[in-house]
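# Summary of the model geometry
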Amino acid sequence: MSILGPMLGRPWLRRRNARLLRDAGRAIDETCYVSAGGIDHFVTIRGASHDSPVLVFLHGGPGATQTIFATQTMSWEEHVTLVQYDQRGSGKTRHRNGPSADGELSLERLRGDAIDLINALRHKLGVTKVILAASSAGSTFGLQLAASRPDLLHAYVGTDQNVGAESSRITHARTLDMLRRTRSRKGVRVLENMPTDPAGWTQAQSDALSRWAIKADPSIPNMITDVIFPAMMTSPLHTIGDIREINASITESMRQLYPELAAFDARAVAPRLHIPFFVFQGAADLVTPTECARAFVTTVQAPIAEFATIPETGHLAAFTRPDEFLRLLLEHVLPVVSTSPVPTP
């Protein structure tokens with residue numbers, strides 16, 4: 001997709017998307033700030049029915065808010081009350097509080113914020129538990145939350161599930177192979193100059209690997225140019241100033257969290273879970289490799305542990321193919337949190 005379309009059509013597309021969100025006539029449609037961890041968090045809450053289960057989505061990045069995808073996820077709202085929020089140090093939350101009020105970032109602090117937010121939502125929406133979904137960097141502290149507070153959750157759904165250092169090695173090998181096959185000499189040169197052990201990578205080298213992994217496979221959508229950028233530019237909730245804030249959020253959040261993200265080990269965090277556990281991964285994900293996520297799921301002891309792929313997509317699969325993600329929610333997840341029949345989308 002050309003980036004010119006969303007840029008040139010931004011005013012009209014934002015108005016159109018605002019109408020789509022408004023005219024959906026949702027029973028729950030709220031954009032607000034909720035206190036969690038001592039600061040206000042920007043939150044969107046949308047759903048067609050007060051009786052639907054609540055799904056809280058933890059965004060990745062880190063710092064890459066997913067409240068930009070409000071229009072893309074409207075079909076989900078027919079079946080769940082969808083809660084998206086900008087995490088500490090991210091997007092509108094960062095803009096409201098300022099970096100000094102947000103304080104230092106850590107996975108533990110983000111986990112604590114998420115617990116506080118879920119408790120506030122339980123009170124606000126009158127529910128006892130929520131479904132927790134988590135993407136990419138959000139799947140690190142999301143998995144920690146699922147392991148430590150099963151009392152708050154119906155189930156955990158990981159997507160772009162982060163596994164740890166072993167996946168970084170495979171990302172490097174598979175991306176390098178793809179770049180060689182597509183004859184990208186620049187990319188090959190960058191990756192060949194990286195140490196073989198991810199422990200020796202600098203943040204800059206890791207960031208470079210991710211950028212090449214995102215665009216290495218020409219057969220799948222590019223999550224930046226085809227998914228994130230169009231959504232960001234056409235979101236009725238986000239001004240140009242908000243978009244600048246998102247970019248600053250990603251840079252600063254990664255600077256602070258990189259050491260923890262590089263050391264993350266999903267197997268150590270969650271050898272056992274006491275709630276149903278699902279991972280829905282892009283079938284061609286190079287950033288968080290599909291085979292690593294699949295292998296991880298087989299090691300987790302849980303009442304239910306299921307893995308499925310989202311075809312024809314890589315990283316950020318839930319927002320690249322939102323209808324396919326919804327299908328997996330309806331087939332696998334909602335039946336374990338509800339005894340009522342689950343409709344087909």
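Residues numbered from 1 in each chain as written. Predicted model: local features only at pLDDT ≥ 70, side-chain atom pairs only at ≥ 80, totals over all residues. Heavy atoms only, no water.

### With respect to the sheet that holds strand E4 (residues 81-85)
Hydrogen bonds along the backbone pair up the strands of a sheet, which may run parallel or antiparallel. Keep this limit in mind: A pair of strands is considered paired only if DSSP assigns at least 2 bridges between the two. Counting from the N terminus, the helices are the DSSP runs of H or I reaching at least four residues and the strands are the DSSP runs of E reaching at least two. Fitted lines through C-alpha atoms give the axes, limited to the stretch in contact for helices. The angle between two N-to-C directions lies from 0 to 180 degrees. By definition in these notes, contact holds between two residues if any of their heavy atoms fall within 4.5 Å.
Pairing within the open sheet is mixed, and its eight strands lie in the order E1-E2-E4-E3-E5-E6-E7-E8. The open sheet has two free edges, formed respectively by strand E1 (28-36) and strand E8 (305-310), since each of these has just one partner strand. When strand polarity is set aside, the average angle formed by the axes of neighbouring strands in this sheet is 20 degrees. In this structure, E1 lies alongside strand E2 (residues 39-47), joined through nine bridges in antiparallel fashion. By the bridge assignment for E2, Glu30 is matched with Ile45. Running at roughly 165 degrees to E8, helix H13 (residues 290-299) makes contact with strand E7 (277-282) and E8 of the sheet.

### Structural notes on the packing of aromatic side chains
We count it as follows: Between rings of Phe, Tyr and Trp, where Trp is taken as its six-membered ring, a pair exists when centres lie within 6.5 Å; planes separated by under 30 degrees are stacked, by over 60 edge-to-face, and by other angles tilted. Burial classes: relative accessible area under 20% of the type maximum marks a residue as buried, over 50% as exposed, and values in between as partly exposed (1.4 Å probe, protein chains only). The rule for a charge over a ring is simple: NZ of Lys or CZ of Arg within 6 Å of the ring centre, and within 35 degrees of the ring normal.
Tallied over the entire structure, the rule returns 11 aromatic pairs. Relative to Phe319, the ring of Trp76 lies with its centre 5.7 Å away and its plane at 35 degrees, an arrangement referred to as tilted. You can see Trp76 sitting in the loop between strand E3 (54-58) and E4 and its partner Phe319 sitting in helix H14 (residues 317-320), a full 243 residues away along the chain. Classification of Trp76 as buried rests on a relative accessible area of 0%. Judged by relative accessible area, Phe319 falls into the buried class, the value being 4%. With a centroid separation of 6.0 Å and an interplanar angle of 75 degrees, the aromatic rings of Phe280 and Phe325 are classed as edge-to-face. Taken together, the positions of Phe280 in strand E7 and Phe325 in helix H15 (residues 322-337) put the pair 45 residues apart, joining distant regions of the chain. Residue classification places Phe280 among the buried positions, given a relative accessible area of 1%. The structure contains a cluster of three or more aromatic residues connected by ring pairs, namely Phe57, Phe69, Trp76, Phe278, Phe280, Phe319 and Phe325. Across the ring face of Phe42, the terminal group of Lys92 is positioned such that the distance to the ring centre comes to 5.3 Å. Taking the ring centre of Tyr33 as reference, the NZ or CZ of Arg96 above it sits at 4.0 Å.

### Observations regarding helix H6 (residues 138-148)
Of all 11 residues making up H6, eight are buried, and the element is well covered by its neighbours. Within H6, the full set of buried residues consists of Gly138, Ser139, Thr140, Phe141, Gly142, Leu143, Leu145 and Ala146.

These figures come from the coordinates and say nothing about function on their own.
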